[in-house]
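# Tertiary structure, described
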Amino acid sequence: MDFLNAIVALSNFVIIPAVAYGSQLAIGALGVTLIYGILRFSNFAHGDTMAFGTMVVILFTWWFQSMGISIAPLPTALLALPFGILFTALLLVGTDRVVYRFYRRQKSVPVIYLIVSLGVMFILNGLVRFIIGPGDQRFADGARFLIKARDFKEMTGLKEGLAIKSSQGITVITAVIVVALLFWFLNKTRTGKSMRAFSDNEDLALLSGINPERVVLITWLIVAALATVAGTLYGLDKSFKPFTYFQLLLPIFASAIVGGLGSPIGAIAGGFVIAFSEVTITYAWKKVLTYLMPDALDPSGLVQLLATEYKFAVSFVILVIVLLFRPTGLFKGKAL
Amino acid sequence: MSDQTKTFSLFALVAVLIIGTGFVQSWNSALFILNMGLISAIMSLGVNLQWGIAGLLNVGVMGFVALGGLATVLISMKPDPEAWAAGGPSILLGLLIGAATIGASIFASRKIAKGWPRILGVLAILLFGFVLYRLTFIPAVKAVEAVNPATSGYLGGLGLPILIAWPVGGLLAAGAAWVIGKTALGLRSDYLAIATLGISEIIIAVLKNEDWMSRGVKNVIGIPRPLPYEIDLQNDPSFVERAANIGLDPTTASTLYVKIGYALLFTIVLIALLWLSQKALNSPWGRMMRAIRDNETAARAMGKNVTARHLQIFILGSAIVGIAGAMMTTLDAQLTPASYQPLRFTFLVWVMVIVGGSGNNLGAVLGGFIVWFLWVQVEPIGLWLMQVITAPLAEDNALRTHLIESAAHMRLLTMGLFLLIMLRFSPRGLLPEK
């Protein structure tokens, strides 16, 4: 019985949150990795693009709520999601036309793009704060839980409860759909194949008549969708705050690099590696260990390896380890 | 217009802007802009060394600034004997154990042959060291933080004069830069950017949470000054008399005296660093650095150790930023870890370097002043603009109140636009590299 309780406690506090967080990171990292693969630069504005997309979703959610439109028990935000994607796509294609295209024609080195993306980051950050303010926004509605802790206890008779928030369920389901669609697109469609060709070898792709501007345009559209979805899922699961989204940049980049920059499979794997390490290292293991250990060995402290405030340190340390021992990432990205 | 007249007229413009602020707003705010402008100029000098001369992307300027700030606390605050008695030695021992563990695992990973024995051995050392570290460190931290938590709750510093903290701040930053450089240099340039972004977030997290060292979010206030306090000046009869002689009341005179004193100190540091940077830039070493930046492969073919040179200049640049950070905390006389914002400290310094002219030391200094001036003045201008734009709307119109309340965020927008416009139309900056 203790063993079962330990497993339930573990799933409740570690596995389920980490799977949800990992899915959010994975979708975010997919966006970074696609831009890296096609446009060949590290987009520092990605966190703020996610914030922008989420902001549009929140504004539409509020509007729908005020009109009484809802798809309960699902959160209204899902209904607003397509509008968020649309606006983010317009924004990204707009910035590409106004900002990035110039440097593409100049054939600038990647570092210049990176600095340009810092400028875009500044503008998006200011824009989001200007429109919705720097504060915390909660916009989740609909049913809060798929399984409530108390129901689970009554159902199984265990001492530990298992709660699954609906936002976590939605995150995982959406992530699976998004990733399946993306891979189908990249592997089966003509456009997707041309994107992969362009990413693998630009010169050969140009030679075989692939239109680079079209590839870039489609990349931005996909990235807009990915960024908005990732941001909205994260916001539904936790809450929306512009600065938090900026800070997500580090775990997202860590995920993309750990998996191998430019490799979509790698981005997904990296997302889960980072999320699981972050959650397990900052989790207080006392509860789980109390069930597993004999009574005499009960831990006295919280058995928390690292305070939650240091969760960035976890992604950073993993990043450093990967950089030291396998700079191309787990899935041999195109880095180095 | 020759280069020299251009440089001269742009710096004259900065002087006019600052003096103009003195006439239009107040001399106190003009001196505030001047002092922070001097510090910003030093920061951008450091980043210019890394980016402009060596082409290294440091996106963690904030962390090095914060380390400089930490140095002021560690050096100049009075030690707290009670806290030291409670757990000072154990904390030091714990840190030593932590460092020894990392050292031992690095040593082991170099000595043991590749394969499972190495992985297991290193893991065993890390695990054992970590447990030992926790056992000594955590109880000591709890004991220290329990000593007068409202007023102290930390170990304090060494009680040395604050000016010593400036070079020490540089040393701390250099140490952090060494660790980062060792791991991320020699790989793609983006990796350094991401690694520095990470380390700066971690440094801020440490400052916010390690209460025994920096009091965390409780802030350290009352950091000693290198200059007399206003109140002492006002009570000094000879000072009051001198103030009266130039027709100033003692309060204004004392604040101006202190601010001008800081301005002089900062100017000395800036001129010294600028002189050194110019010497370095025009030396064989500087030419080698630029050669490496312009064509790494060619430089490598000429037998230059590119990674080692990059590490060197990365450490130097970070040290300069650390010195500036220590100076800034000295000026504020308090360490507030929560005030370190990446947009303000990392990316704004980047705007300074790009706008001023990367690769040109004078340009970086100029950028520091101009961008800092804009950063300070954009807020009132934005507010004024919003009021003018929304004037036709009713006083309690929701849109109007929202726009006026959000005017503060105009700064980020303006800086981003400024950066993009410069990059597009004048990528070499106001004072281009020769």
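Residues numbered from 1 in each chain as written. Chains lettered and ligands numbered in written order. Predicted model: local features only at pLDDT ≥ 70, side-chain atom pairs only at ≥ 80, totals over all residues. Heavy atoms only, no water.

## Notes on the overall build of chain A
Within chain A, the secondary structure is distributed over 14 helices and two strands. What you see for chain A is a C-alpha radius of gyration of 21 Å, in line with the 20 Å of a compact globule of 336 residues. In terms of its C-alpha atoms, chain A occupies a principal-axis envelope of roughly 70 × 55 × 35 Å. Per-residue burial for chain A yields a buried fraction of 57% across its 336 residues. (Helix = DSSP H or I, 4+ residues; strand = E, 2+ residues; numbered from the N terminus. Rg over C-alpha atoms; globule rule 2.2 N^0.38 Å. Buried < 20%, exposed > 50% of the residue type's maximum accessible area, 1.4 Å probe, protein only.)

## Topic: the interface of chain A and chain B
With 48 residues of chain A at the contact, the number on the chain B side is 48 residues. Summed over both sides, the interface between chain A and chain B buries roughly 4,300 Å², with carbon and sulfur atoms accounting for 78% of that surface. Considering only the side of chain A, the residues that lose the most area to chain B are F122, F130 and Y310 of chain A, jointly responsible for 19% of the buried surface there. Joining chain A to chain B, the criterion identifies zero salt bridges. Seen at the junction of chain A and chain B, the total is seven residue pairs in polar contact (both at pLDDT 80 or more). If you list the elements that add at least two residues to the side of chain A that touches chain B, you get α3 (76–106), α4 (110–132), α10 (242–247), α11 (249–259) and α14 (311–325) of chain A. Take the side of chain A that touches chain B: its biggest share by element is 16 residues, from α4 of chain A. Of the residues belonging to the side of chain A that touches chain B, the class tally is 40 nonpolar, six polar and two charged. (Contact = heavy atoms within 4.5 Å. Buried area = accessible area lost by both parts, 1.4 Å probe. Salt bridge = Lys/Arg side-chain N within 4 Å of Asp/Glu carboxyl O. Polar contact = N/O pair within 3.5 Å; in protein donor to acceptor, adjacent residues only side chain to side chain. Nonpolar A, V, L, I, M, F, W, Y, C, P; charged D, E, K, R; others polar.)

## Section: the packing of aromatic side chains
Geometry of an aromatic ring pair is reported as the spacing of the ring centres plus the angle between the planes. Inspection of the entire model under this criterion finds 29 aromatic pairs over all chains. Here the aromatic rings of W51 of chain B and W350 of chain B are separated by 5.7 Å at their centres, their planes lie at 55°, and the arrangement is tilted. Within this pair, whereas W51 of chain B is found in helix α2 (residues 27–53), its partner W350 of chain B is found in helix α15 (residues 342–356), the two being separated by 299 residues in sequence. The same class applies to W51 of chain B as to W350 of chain B, namely buried. Taken together through their ring pairs, the aromatic side chains of F60, W63, F64, F83 and F87 of chain A make up a single cluster. Positioned above the aromatic ring of F345 of chain B, the side-chain terminus of R344 of chain B is 4.2 Å from the ring centre. (Phe/Tyr/Trp six-rings, centres within 6.5 Å; stacked < 30°, edge-to-face > 60°. Lys NZ or Arg CZ within 6 Å of the ring centre and 35° of its normal.)

## Notes on the confidence of the model for chain B
Residue-level pLDDT values for chain B average 87, and 100% of them are 70 or greater. Helix α14 (residues 306–332) of chain B holds the highest mean pLDDT among the elements of chain B, 93, whereas helix α17 (residues 398–405) of chain B holds the lowest, 78. (pLDDT = per-residue confidence, 0-100.)

## Looking at the pattern of salt bridges
Summed over all chains, the structure comprises 10 salt bridges over all chains. A salt bridge links D237 of chain A to K165 of chain A; the shortest N-O distance between them is 3.5 Å. With D237 of chain A in helix α9 (residues 212–237) and K165 of chain A in strand β2 (residues 164–165), this pair connects stretches of sequence that are 72 residues apart. Residue D237 of chain A is classed as buried on the basis of its relative accessible area of 8%. Between D211 of chain B and K218 of chain B there is a salt bridge whose closest N-O contact spans 3.9 Å. Overall, K218 of chain B belongs to the partly exposed group, its relative accessible area being 35%. Each of D96, R104 and E213 of chain A takes part in a single network of salt bridges with overlapping partners.

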